[in-house]
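The residues making up each chain are set out below.
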Amino acid sequence: MLKTIRLEDENTQFLKKVESISGEIITVCDQCGVCSGSCPFTDDMDITPANMMRKVQLGQSDVLETETIWICASCLRCMARCPRGLDLSKVAEALRQINLRTAINHIKVEDISPEEAKRLPAIAYVGAFRKLTG
């Protein structure tokens, strides 16, 4: 039995924004779950890649608060096995971009201890601040 789901305007806008940034037509995902079964990092994620796609399909912006979008390593295993040819790494990157455009800092310089500052290589700081600050 088919059930029609109608999205509110704000949900539709979120879906369209993610599709626009990622270049992927997210509504073609049929939730087969192959992406989740292919991802080597699923155990470390709070929601599976298939769940991430479903939340975006429904326009649920709370997907921006998940760790999954930050854990995706863009290894492209999901895309290689997706029967629809969707590139979930582009979707995760679009979600990260939306998050970063809100200028929310996920790390603070003052929270880094002097011991960590000496131990970590400079490139780790550059990468972390590019990825986790707004």
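That block above? That's the structure.
Structure report, in brief. Computed from a predicted structure; not experimentally measured. (Residues numbered from 1 in each chain as written. Predicted model: local features only at pLDDT ≥ 70, side-chain atom pairs only at ≥ 80, totals over all residues. Heavy atoms only, no water.)

### Concerning the nonpolar core
1) Next: In terms of nonpolar packing, the biggest core is built from 26 residues, with Val18, Met52, Met53, Val56, Val91 and Leu95 touching the most fellow members.
2) Next: For this core, the secondary structure elements donating two or more residues are helix 1 (9–22), helix 3 (49–57), helix 4 (68–71) and helix 6 (88–101).
3) Next: Element by element, the count of residues in this core is highest for helix 6, at seven residues.
4) Next: Aside from chain neighbours lying at most four places away, what touches Val56 is Leu15, Val18, Ile26, Val63, Val91 and Leu95. (Core = buried A, V, L, I, M, F, W, Y, C linked by side-chain atoms within 4.5 Å. Buried < 20%, exposed > 50% of the residue type's maximum accessible area, 1.4 Å probe, protein only. Helix = DSSP H or I, 4+ residues; strand = E, 2+ residues; numbered from the N terminus. Contact = heavy atoms within 4.5 Å.)

### Description of the side chain of Thr66
1) Next: With respect to the helices, strands and loops of the structure, Thr66 is situated in the loop between helix 3 and helix 4.
2) Next: Its relative accessible area of 8% is what places Thr66 among the buried residues.
3) Next: Polar contacts involving the side chain of Thr66 include one to the main-chain carbonyl oxygen of Val63, which spans 2.8 Å. (Polar contact = N/O pair within 3.5 Å; in protein donor to acceptor, adjacent residues only side chain to side chain.)

### So, empty space enclosed by the protein
1) Next: For the coordinates displayed, the defined rule picks out two cavities of 30 Å³ or more.
2) Next: The calculated volume of the largest cavity comes to roughly 110 Å³.
3) Next: Together, 14 residues line the largest cavity, and Cys39, Met45, Pro49, Cys72 and Cys78 are the ones closest to its centre.
4) Next: Here the lining of the largest cavity is composed, by residue class, of eleven nonpolar, two polar and one charged.
5) Next: What lines the second largest cavity is Cys29, Asp30, Gln31, Cys32, Gly33, Cys35, Cys82, Pro83, Arg84 and Leu86.
6) Next: For the lining of the second largest cavity, a count of residues per class yields six nonpolar, two polar and two charged. (1 Å grid on protein atoms, 1.4 Å probe; cavity = no way out; pocket = protein on both sides within 12 Å on 5 of 7 lines; lining within 4 Å. Points joined across faces, edges and corners; volume = space filled by probe spheres on them. Nonpolar A, V, L, I, M, F, W, Y, C, P; charged D, E, K, R; others polar.)

### A short note on helix 3
1) Next: Most of helix 3 sits out of view: seven of its nine residues are buried.
2) Next: Once helix 3 ends, the next one or two residues include Gly59, with phi positive near 70°.

### A word on the environment of Glu65
1) Next: Here Glu65 shows up in the loop between helix 3 and helix 4.
2) Next: Taking the relative accessible area as the measure of exposure, Glu65 reaches 68% and is therefore exposed.
3) Next: Remark: the alpha-carbon pair of Glu65 and Ile47, spanning 18 residues in sequence, is separated by 11 Å.

### Describing helix 6
1) Next: Counted at 1.5 Å a residue, the expected span for helix 6 with its 14 residues is 20 Å, and the 20 Å between its end C-alpha atoms agrees.
2) Next: Judged by how many residues are buried, helix 6 sits mostly within the fold: ten of 14 residues are covered.
3) Next: Among all positions of helix 6, only Leu88, Ser89, Val91, Ala92, Ala94, Leu95, Arg96, Ile98, Asn99 and Leu100 are buried.
4) Next: Lining the buried residues of helix 6 we find helix 1, helix 2 (34–38), helix 3, helix 4, helix 5 (77–81) and helix 8 (122–132). (Expected span 1.5 Å × (residues − 1).)

### Concerning the packing of helix 1 against helix 6
1) Next: Two numbers describe how helix 1 lies on helix 6: the axes approach to 8 Å, and their chain directions differ by 110°. The orientation of helix 1 relative to helix 6 falls into the category roughly perpendicular. Handedness of the crossing formed by helix 1 with helix 6: right-handed. Mapping the contact onto sequence places Phe14, Lys17, Val18, Ile21 and Ser22 in helix 1 and Lys90, Val91, Ala94, Leu95, Ile98 and Arg101 in helix 6.
2) Next: In terms of residue class, the contact of helix 1 with helix 6 is made up of seven nonpolar, one polar and three charged. (Axes fitted to C-alpha atoms, helices over the stretch in contact; angles between N-to-C directions. Parallel < 35°, antiparallel > 145°, perpendicular 65-115°, else oblique. Left-handed = near helix turned anticlockwise from the far one by under 90°.)

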